[in-house]
Amino acid sequence: RTVPDQPMASPTTPPPVVAQDGFEIDLPLTETGQFVHGICVVGAESASASPNNNAASQSGLSYTPVSPFIGSPKVWDDRNYKMTGVLDSPCYEGIYLRPSRHKSIKNQSGISVKAVRSTPSITMKLCIFFETGRNRGGKFDQNLPGMGFVDNGNQGLGWDNNVLRMFCKEF
């Protein structure tokens with residue numbers, strides 16, 4: 001008796017690995033010697049910020065990733081102020097890139113931000129928030145729109161009674 005050939009199972013191949021994408025962006029140079037700011041990224045697996053010129057490096061500027069961005073974390077490494085308004089902000093549950101310095105950042109400091117997308121189909125959002133009074137905003141309110149950032153106004157994010165202005169860009 002002859003047994004018909006049985007179909008062979010096709011070899012299993014692992015699904016293709018989709019390369020994770022992200023962004024790297026150089027922010028405008030600060031136009032103040034007392035830049036008061038913070039940075040957050042939403043929809044990212046990882047994010048970092050770093051100085052990209054001598055002025056920023058000489059200021060001792062660095063960033064500590066805080067993830068997830070919830071509750072009331074410290075606003076800056078060199079101060080004990082706590083963040084307020086996180087829950088209602090576009091940054092909630094993202095990554096907060098906490099600056100090492102509150103306002104002791106040299107004029108013309110350059111900052112680069114990098115992020116890797118957590119899921120290929122998700123939109124990432126980069127938000128920069130800063131103080132607009134007392135010449136502490138670095139003129140970011142004037143310079144970020146030309147880079148595709150949208151003014152989100154005062155989202156309630158800040159510390160104590162100080163509310164910061166926020167500009168965001170999607171990637």
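Calculation rules
Residues numbered from 1 in each chain as written. Predicted model: local features only at pLDDT ≥ 70, side-chain atom pairs only at ≥ 80, totals over all residues. Heavy atoms only, no water. Disulfide = S-S within 2.5 Å. Helix = DSSP H or I, 4+ residues; strand = E, 2+ residues; numbered from the N terminus. Patch = residues over 30% accessible without salt bridge, like charges linked within 9 Å, V, L, I, M, F, W, Y side chains within 5 Å. Areas by Shrake-Rupley, 256 points an atom, 1.4 Å probe, with all protein chains shown as cover. Salt bridge = Lys/Arg side-chain N within 4 Å of Asp/Glu carboxyl O. Buried < 20%, exposed > 50% of the residue type's maximum accessible area, 1.4 Å probe, protein only. Pairing = 2+ DSSP bridges. Axes fitted to C-alpha atoms, helices over the stretch in contact; angles between N-to-C directions.

## Quick word on the state of the cysteines
Part 1 of the reasoning: Considering all chains together, one arrives at 2 disulfides under this definition.
Part 2 of the reasoning: Disulfide pairing is shown between C127 and C168; the S-S distance is 2.1 Å. Residues C127 and C168 share a disulfide whose torsion about the S-S bond is about 110°; that sign makes it right-handed. With C127 in strand 8 (residues 125–130) and C168 in strand 10 (residues 162–170), this pair connects stretches of sequence that are 41 residues apart.
Part 3 of the reasoning: Described in terms of the sequence order of its bonded cysteines, the disulfide pattern of the chain is 1-2, 3-4.

## What about a nonpolar patch on the surface?
Part 1 of the reasoning: Where nonpolar side chains cluster on the molecular surface, the patch consists of I70, L87 and Y92 and spans about 280 Å² of accessible area.
Part 2 of the reasoning: Relative to the helices and strands, Y92 is located in the loop between strand 5 (83–84) and strand 6 (95–99).
Part 3 of the reasoning: A relative accessible area of 31% means that Y92 is categorised as partly exposed.

## Side note on unusual backbone geometry
Part 1 of the reasoning: In this structure, P68 follows S67 across a cis peptide bond, with omega equal to 0°.
Part 2 of the reasoning: Topologically, P68 is positioned in the loop between strand 4 (63–66) and strand 5.
Part 3 of the reasoning: You will see that E93, though not glycine, has its phi angle at about 70°, which is positive.
Part 4 of the reasoning: Among the secondary structure elements, E93 is positioned in the loop between strand 5 and strand 6.
Part 5 of the reasoning: For Q108, which is not glycine, the phi torsion reads 70° and is therefore positive.
Part 6 of the reasoning: Looking at the secondary structure, you find Q108 in the loop between strand 6 and strand 7 (111–117).
Part 7 of the reasoning: On the basis of relative accessibility, which here comes to 36%, the residue Q108 falls in the partly exposed class.

## Some details on the pattern of salt bridges
Part 1 of the reasoning: Counted according to the given criterion, the structure contains 8 salt bridges.
Part 2 of the reasoning: Note that K139 and E31 form a salt bridge whose closest N and O atoms lie 3.9 Å from each other. You can see K139 sitting in the loop between strand 8 and helix 2 (140–143) and its partner E31 sitting in the loop between strand 1 (22–26) and strand 2 (37–42), a full 108 residues away along the chain.
Part 3 of the reasoning: Among the residues examined, E31 registers a relative accessible area of 31% and is labelled partly exposed.
Part 4 of the reasoning: Linking R134 and E131 is a salt bridge whose minimum nitrogen-to-oxygen distance equals 2.9 Å.
Part 5 of the reasoning: Exposure remark for R134: the relative accessible area of 56% places this residue in the exposed category.
Part 6 of the reasoning: Several salt bridges converge on common partners, so that one network encompasses E131, R134 and R136.

## As for the sheet that holds strand 3 (residues 44–51)
Part 1 of the reasoning: Strand order in the open sheet made by the 3 strands is 1-7-3, with antiparallel pairing throughout. Here the strands that pair on one side only, and so sit at the sheet edges, are strand 1 and strand 3. Taking each pair of neighbouring strands and ignoring which way they run, the sheet shows an average axis angle of 10°.
Part 2 of the reasoning: Direction of pairing for strand 1 relative to strand 7: antiparallel, over a ladder of 5 bridges.

## Observations concerning the sheet that holds strand 9 (residues 150–159)
Part 1 of the reasoning: If you trace the 7 strands from one edge of the open sheet to the other, you get 4-6-2-8-10-9-5, paired in antiparallel fashion. This sheet does not close on itself; its edge strands, each paired only once, are strand 4 and strand 5.
Part 2 of the reasoning: Pairing analysis gives 6 bridges linking strand 9 to strand 10, with the strands arranged antiparallel. Following the sheet pairing, G158 is matched in strand 10 by V163.

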